[in-house]
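As a plain string of letters, each chain reads:
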Amino acid sequence: MGDEDWEAEIIKPHMSSYVPVFEKDRYSSGAHGDTFNRTLASLSEMDDRYSRRDHFMRSRFASGRSLGNRDPGESNKREHTSTMGDFGVGRSFGNRGFSNNKFEEGDSCSFWRESSNDREDNQTRNRGFSKRDDSKYEQDEGTQRSGGIFGSRRSALSGVGKGDTYQSRSGSGSGRGGYKGLNEEVITASGKNSWKSEAERRESGDTQGPKVTYIPPPPPEDEDSIFAHYQTGINFDKYDTILVEVSGHDVPPAILTFEEANLCQTLNSNIAKAGYTKLTPVQKYSIPIILGGRDLMACAQTGSGKTAAFLLPILAHMMRDGVTASRFKELQEPECIIVAPTRELISQIYLEARKFSFGTCVRAVVIYGGTQLGHSIRQIVQGCNILCATPGRLMDIIGKEKIGLRQVKYIVLDEADRMLDMGFGPEMKKLISCPGMPSKEQRQTLMFSATFPEEIQRLAGEFLKSNYLFVAVGQVGGACRDVQQTILQVGQYSKREKLVEILRNIGDERTMVFVETKKKADFIATFLCQEKISTTSIHGDREQREREQALGDFRCGKCPVLVATSVAARGLDIENVQHVINFDLPSTIDEYVHRIGRTGRCGNTGRAISFFDTESDNHLAQPLVKVLSDAQQEVPAWLEEIAFSMYVPGFSGSTRGNVFVSIDTRKGKSSLNTAGFSSSQAPNPVDDESWD
Ligand SMILES: Nc1ncnc2c1ncn2[C@@H]1O[C@H](COP(=O)(O)OP(=O)(O)OP(=O)(O)O)[C@@H](O)[C@H]1O
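Notes on the structure in this doc start here. (Residues numbered from 1 in each chain as written. Predicted model: local features only at pLDDT ≥ 70, side-chain atom pairs only at ≥ 80, totals over all residues. Heavy atoms only, no water.)

What to know about the environment of Gln-407
Mapped onto the secondary structure, Gln-407 falls in the loop between helix H11 (391-399) and strand S6 (410-414). Exposure remark for Gln-407: the relative accessible area of 32% places this residue in the partly exposed category. Once residues within four sequence positions are removed from consideration, Gln-407 is found in contact with Glu-333, Pro-334 and Glu-335. (Helix = DSSP H or I, 4+ residues; strand = E, 2+ residues; numbered from the N terminus. Buried < 20%, exposed > 50% of the residue type's maximum accessible area, 1.4 Å probe, protein only. Contact = heavy atoms within 4.5 Å.)

Set out below in structure tokens:
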């Protein structure tokens, strides 16, 4: 069957009554349910066709299931042949006739070759916006309460709202995940510079579309939930053996115990209630540096306690400086601003801030896109010492003059490499040049991540005092050694079968499955539900309420499988995630390191299995070999062969995957990359599609 047949076939709408587990409760009837069913029907139909095709593929190439044992050259040839014959290499289904409503309308082809049409910023184009009257924030714009991220890690989040719909992709603009891209400043009707990009306006709900009405549920108030935590793992003590390097002048000595930090009694009590008895290496070094008033860039492996490494000394300073209890005011002037790239991550950081500031007069507030703007403002005006925010919502609130920056003493960029890259860098630059923002000499700027590409480190200099310190725990950009990494050679047409096989073996253990695009996340989640594997999904096209519900269902074990795009790759700290599966490998090795870091946290062990498709992933072979060997993992011989074959000494042309030049062919941009395994500054379509 040729490409045309395939496309024509899969866009036909079909009815089906099937509703997957991950949305089952919601769609028993009504128009929305119909929509959803129709969508699923298309998927289901497509799935059937796909299965037949897949089956055809397998029977054509009887060894298709054991690609891992094949000679790479042979495998390449086979996969290539089958792809050419059936799906058409180089065809971009995604470029044909997709619009915002594509998913609901049954245009659900292009799961395998889609690119730009699955991107966040495409969905925002040509949407107008109107500036809302600030005073409206006091009005109740309607609520859509449901379970959310503010649950104890142990508590189940339940209660899917009645009448919920699966219309996150309906083009309403309400609560869509993504914001990115056009960063032009906007002069509003009042002549004020709103500091907002088009995408930010959409994130804030400041568009002509329906208003964002979602109000996240309040965080738990009881002490047990606030201090709920999971146990450190058997390898926690091994952190002590990791080499730490601190560069810069006049480095304060590391501390070895919490007592040495000389924190106030309330903080010490909170640390104890949180179950922290011993410092992790990044905490040992960062806490005295921050307490000493120095700027810091810290790079430490995933899951090794970076959040507390900045929160504790900031809180200690605030307490020492006699921070006053903030009270209701129209304009709040926080002492600390923490930014992170995703809504779920910033919510998590907020919960940590709330935990460590428990019993003090410090008030932390979180604001992020996809929620009602009025709600964010209401939270802020009640008092705000520590503001945790995603960049879009932050700039929005600053533009609305609800936040004054004159008192800012600390700025924290979590996932700093992501915050400074092409996607968020412009917002961050705007933030530090906002009127009233103290200069870098007058504030303390702190950056944390598990990865820090060199070019981003250079950019970071603009934000930091010249005498900043750099802490590297272990290999910069290295993977956590507590994660057992396995790379399997799996062609794209065998991936689903392999995934099911693995998940059946895994049983009920919590597993995150990463895929390349939002549509594919839905598709794979639906497919797994059809296979009777309880699954939910999180990506930037889902409404915020749905994203939080999905995360809640995953956290509490209701859905032990979470299919995610890169929106969930960084920072999320979920108890008991035992497995990460890269159904699709990410485009950069840094992203790989973050993804697999969702397991093996805090001294616990975990497993990561990645499907390596020789049609699309060869550029990752070299950096993967490096990451695997640095983490003392077994390196498959076939991967080494591919890595070796990709190596062209002295060549600096456009070959994707050359170790000396990293090129994102989808952007057509290249950047020098000495290690060959860091992300380029240019986000690619995959990145674009998944961030908010
Ligand atoms: N000293 C400690 N003792 C016990 N648990 C700790 C300690 N420090 C941090 N933790 C816990 O370890 C887990 C991981 O911490 P955190 O999320 O801060 O890691 P991270 O380094 O920021 O990871 P990522 O790079 O993925 O963002 C959290 O549950 C946190 O509460």
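With respect to the site of the ligand
In the vicinity of the ligand lie 22 residues, with Tyr-276, Lys-278, Lys-306, Thr-307 and Asp-573 positioned nearest. One of the backbone nitrogen or oxygen atoms of Gly-305 is found 3.2 Å away from an oxygen atom of the ligand. Between the ligand and Arg-598, the relevant distance is 2.9 Å, taken from an oxygen atom to a side-chain nitrogen or oxygen of the residue. For the ligand, the protein covers 96% of the area, taking 640 Å² as the surface of the free molecule. Its residues assigned to classes, the shell around the ligand shows 4 nonpolar, 10 polar and 8 charged. (Near = heavy atom within 4 Å. Polar contact = N/O pair within 3.5 Å; in protein donor to acceptor, adjacent residues only side chain to side chain. Areas by Shrake-Rupley, 256 points an atom, 1.4 Å probe, with all protein chains shown as cover. Nonpolar A, V, L, I, M, F, W, Y, C, P; charged D, E, K, R; others polar.)

Remarks on the sheet that holds strand S3 (residues 336-339)
Spatially, 8 strands are ordered S1-S8-S2-S7-S6-S3-S5-S4 in an open sheet, and the strand pairing comes out mixed. The two strands at the open ends of the sheet, each matched to only one other strand, are strand S1 (244-247) and strand S4 (364-367). In this sheet, neighbouring strand axes are inclined to one another by 15° on average, regardless of whether the strands run parallel or antiparallel. Bridge count for S1 against strand S8 (residues 469-473) is 4 bridges, and the pairing is antiparallel. (Pairing = 2+ DSSP bridges. Axes fitted to C-alpha atoms, helices over the stretch in contact; angles between N-to-C directions.)

Considering the packing of aromatic side chains
Within the structure shown, the criterion is met by 8 aromatic pairs. Between Phe-310 and Phe-448 the ring centres are 5.2 Å apart and the planes differ by 55°, which places this aromatic pair in the tilted class. With a gap of 138 residues between them, Phe-310 in helix H8 (residues 306-320) and Phe-448 in strand S7 (residues 444-449) connect regions that are remote in the sequence. Looking at Phe-310, the relative accessible area reads 0%, which means it is buried. Each ring, one from Phe-612 and one from Trp-638, has its centre 5.4 Å from the other, and the planes form 65°; the classification is edge-to-face. Placement of the pair is Phe-612 in strand S14 (residues 606-612) and Trp-638 in helix H20 (residues 637-646), with a sequence separation of 26 residues. Like Phe-612, the residue Trp-638 is buried in the burial classification. Within the aromatic cluster, the residues linked to one another by ring pairs are Phe-258, Tyr-276 and Phe-356. Above the plane of the ring of Phe-527 lies Arg-496, whose end atom (NZ or CZ) is 4.5 Å from the centre. (Phe/Tyr/Trp six-rings, centres within 6.5 Å; stacked < 30°, edge-to-face > 60°. Lys NZ or Arg CZ within 6 Å of the ring centre and 35° of its normal.)

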